[in-house]
Amino acid sequence: MRYAIRLHFPTSNNVAEYEALVNGLHIATELGIKWLDVRGDSRLIIDQVMKESSCHDPKMDAYCKVVRRLEEKFDGLELNHVLRKYNEATDALAKMASEWATVPPDVFVSDLYKPSIDYKEDGGSDPPPTNLGLDLEPPTAPEPEAMDIESEAPARDDLSNWRYPLLQRLIDGTLPPDQAEARRIARHAKALVLLDGEMYKRSPSGILMHCITHQEGIKLLEEIHSGACGHHAAPRTLVGNSFRQGFYWPTAVADATQIVWTCEGCQFYARQIHLQAQALQTIPITWPFAVCGLDLVGPLQKALGGFTHLLLAIDKFSKRIEVQPITRIKAEQAVLFCTDIIHRFGVPNSIITDNGTQFTGQKFLEFCDRHHIQKSGSKSYQP
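Since this is a predicted model, take the numbers as computed values, not measurements.

What should I look at first to understand the packing of aromatic side chains in this one?
Any pair of aromatic rings gets described here by the distance separating the centres and the angle formed by the planes. Following the criterion strictly, the structure yields six aromatic pairs and no others. Summarising the aromatic geometry, the rings of F243 and Y248 are spaced 5.7 Å apart at their centres and angled 45 degrees between planes, so their arrangement reads as tilted. Note on F243: relative accessible area 27%, which makes it partly exposed. For Y248, a relative accessible area of 18% puts it in the buried group.

Structure representation (structure tokens):
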């Protein structure tokens, strides 16, 4: 008889091995078995139960006590270690249960929503499993979906796994009784898919991101932030790194922010403002082309209308450029160009030019004096 148990609560590999052992012993006692030879590939579990090594972890010690109490119900019970390569059938069942894969019709399956022991309260009591799902009659027909959800509502602690209601929605269409929560679950489930028993979220770019639990996400962020190759990055950088690696959980930004805020190294070496408090110094606002540079570009290829040169004015503050094509290099052309700028932006305070004849002519100098414009000269550029 082959039997698989799905665990719906966060657990470690050692706890999963103990859960398999405890529930297997319960099944054997219900079947009336008195002599039992248990074989497994976990050296630690077998040595602890056979009293060849001590249990330093309180949870492991509680599981070990439960196994020893169940041992009293057998006339003979022996645990033997086998290599992993000789335990492939059992490993295949464990992988099938952990990946939520379709189970063959000759395999019995049950779902466990809470641990078999409660070591925090009674130090390892032996409560009977809530529902082992033991059925001595094998199923007559293969089930299209082997991921049946228990009819009983799980405990409140099990609902802390954010994936649980979404998995219910994807598997059998079950929604919470609350209408607002049901709409939220239905909306979020549209971006989720099930592949080989694992839930994935489709990103806007079409990439599938593996949905992990809240505890796994925190562990991943801590490794990226302060692990062996961690560089104590900012929260959004941590979240971006984890998402680019293909992982997703909804509270990633809040978890990353909490990790950075509580990191001693980040607080100690954070950037500190050492300037004394003082009043803000405002930048005086000036009009456009208050100070501008004036220059001539050309000669260029003759265009329609006989234009061969360009007059350019550049605002020294905003770097705005005003251009006017001309046919003759005369001071009158420069005066007309500056007059157009005055009409549009106001009178400049200063004009910077080179020593070209169009800017040093008598008419241009009189124009500057008449409008009280300060003319400054600059050296010509020699390439």
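What exactly am I supposed to notice about a nonpolar patch on the surface here?
A surface patch of nonpolar side chains, about 270 Å² in accessible area, is lined by M1, L31 and I33. Relative to the elements of secondary structure, I33 occurs in the loop between α1 (13-30) and β2 (35-40).

Where do I start with the pairing of strand β9 (residues 291-297) in this structure?
On any regular strand, side chains alternate: one points to one face of the sheet, the next to the other face. Bridge count for β9 against strand β12 (residues 350-353) is three bridges, and the pairing is parallel. Counterpart to G293 in the pairing with β12 is I352.

Help me understand the pairing of strand β7 (residues 208-211), please; the structure alone is not making it clear to me.
Along β7, the buried face is formed by M209 and C211; none of L208 and H210, which line the opposite face, is buried. Where strand β6 (residues 198-202) lies against β7, three bridges are found, and the strand directions are antiparallel. Across the sheet, Y200 pairs through a bridge with H210, a residue of β7. Linking β6 back to β7 in an antiparallel pair, the connection comprises five residues, with G206 at a positive phi of about 95 degrees. Taken together, the two bridges between β7 and strand β8 (residues 247-248) define a ladder with parallel strand orientation. Paired with H210 across the strands is F247, a residue of β8.

I would appreciate a short explanation of α1 in the present structure.
Three or four residues apart is the spacing at which side chains of an α-helix point the same way, because the helix has 3.6 residues per turn. Between the first and last C-alpha of α1 there are 26 Å, a value that for 18 residues agrees with the 26 Å anticipated at 1.5 Å per step. Burial in α1 covers these residues: V15, Y18, E19, L21, V22, N23, L25, H26, I27 and A28. Looking at the buried residues of α1, the elements they touch are β1 (2-7), β2, α2 (43-49), α3 (58-71), β3 (76-81) and β4 (107-112). Just beyond α1, the residue with positive phi is G32, at close to 80 degrees.

Hey, could you run me through the sheet that holds β8 in this one?
The strands making up a sheet associate through hydrogen bonds between their backbones, and the pairing can be parallel or antiparallel. Reading across from one edge, β5-β6-β7-β8 is the order of the four strands in this open sheet, with mixed pairing throughout. Looking at strand neighbours, the two that pair on one side only are β5 (192-195) and β8, the edges of this open sheet. In the packing of helix α6 (residues 163-172) onto the sheet, contacts are made with β5, β6 and β7, and the angle to β5 comes to roughly 75 degrees.

Got a minute to help me understand the sheet that holds strand β13 (residues 374-377) in this structure?
Taking strand neighbours across the sheet as the criterion, the five strands line up as β11-β10-β9-β12-β13 in an open arrangement whose pairing is mixed. Edge strands, defined here as strands with exactly one partner in the open sheet, are β11 (321-326) and β13. Direction aside, neighbouring strands of the sheet carry axes that sit 20 degrees apart on average. Here six bridges tie strand β10 (residues 309-315) to β11, and the two strands are oriented antiparallel to one another. Each residue of the ladder has a partner; that of I314, found in β11, is I321.

Got a minute to help me understand the packing of α1 against α3 in this structure?
Two quantities define a packed helix pair, namely the angle between the axes and the distance from one axis to the other. Two numbers describe how α1 lies on α3: the axes approach to 10 Å, and their chain directions differ by 15 degrees. With respect to their mutual orientation, α1 and α3 come out roughly parallel. Seen from above, α1 lies across α3 with left-handed handedness. On α3, the residues that touch N14, V15, Y18, E19, L21, V22, L25 and H26 of α1 are K59, M60, Y63, C64, V66, V67 and L70. Of the residues contributing to the contact of α1 with α3, the split by class is eleven nonpolar, two polar and two charged.

Even after reading the chapter, I still don't get the packing of helix α12 (residues 331-345) against helix α14 (residues 362-370), so can you show me in this structure?
Where α12 meets α14, the closest approach of the two axes is 8 Å, and the angle between their N-to-C directions is 25 degrees. Put simply, α12 runs roughly parallel to α14. Where α12 abuts α14, its residues A331, E332, A334, V335, C338, T339 and I342 lie against K363, F364 and F367. Grouping the constituent residues of the contact of α12 with α14 by class yields seven nonpolar, one polar and two charged.

Could you clarify how one ought to interpret the environment of A331 in this entry?
Relative to the helices and strands, A331 is located in helix α12. Note on A331: relative accessible area 12%, which makes it buried. Distance from A331 to F359, taken between C-alpha atoms, is 6.2 Å for residues 28 residues apart in sequence. Aside from chain neighbours lying at most four places away, what touches A331 is Q358, G361, K363 and F364.

Explain the pattern of salt bridges to me, please; I cannot follow it from the model alone.
Should the charged atoms of two oppositely charged side chains come close, the side chains can pair. Scanning the model with the defined rule gives seven salt bridges in all. Across the salt bridge formed by R320 and E322, the nearest N and O atoms sit 3.1 Å from each other. For E332, the salt bridge is made with K363, and the minimal N-O distance between the two is 2.7 Å. One end of the pair, E332, is in helix α12; the other, K363, is in helix α14, with 31 residues separating them in the sequence.

Just to check I follow, could you spell out the environment of R236 for this structure?
With respect to the helices and strands, R236 occurs in helix α9 (residues 235-244). The class for R236 is exposed, based on a relative accessible area of 67%. Along the primary structure R236 and T257 are separated by 21 residues, whereas in three dimensions their C-alpha atoms are 8.1 Å apart.

About the thresholds
Residues numbered from 1 in each chain as written. Predicted model: local features only at pLDDT ≥ 70, side-chain atom pairs only at ≥ 80, totals over all residues. Heavy atoms only, no water. Phe/Tyr/Trp six-rings, centres within 6.5 Å; stacked < 30°, edge-to-face > 60°. Buried < 20%, exposed > 50% of the residue type's maximum accessible area, 1.4 Å probe, protein only. Patch = residues over 30% accessible without salt bridge, like charges linked within 9 Å, V, L, I, M, F, W, Y side chains within 5 Å. Areas by Shrake-Rupley, 256 points an atom, 1.4 Å probe, with all protein chains shown as cover. Salt bridge = Lys/Arg side-chain N within 4 Å of Asp/Glu carboxyl O. Helix = DSSP H or I, 4+ residues; strand = E, 2+ residues; numbered from the N terminus. Pairing = 2+ DSSP bridges. Expected span 1.5 Å × (residues − 1). Contact = heavy atoms within 4.5 Å. Axes fitted to C-alpha atoms, helices over the stretch in contact; angles between N-to-C directions. Parallel < 35°, antiparallel > 145°, perpendicular 65-115°, else oblique. Left-handed = near helix turned anticlockwise from the far one by under 90°. Nonpolar A, V, L, I, M, F, W, Y, C, P; charged D, E, K, R; others polar.

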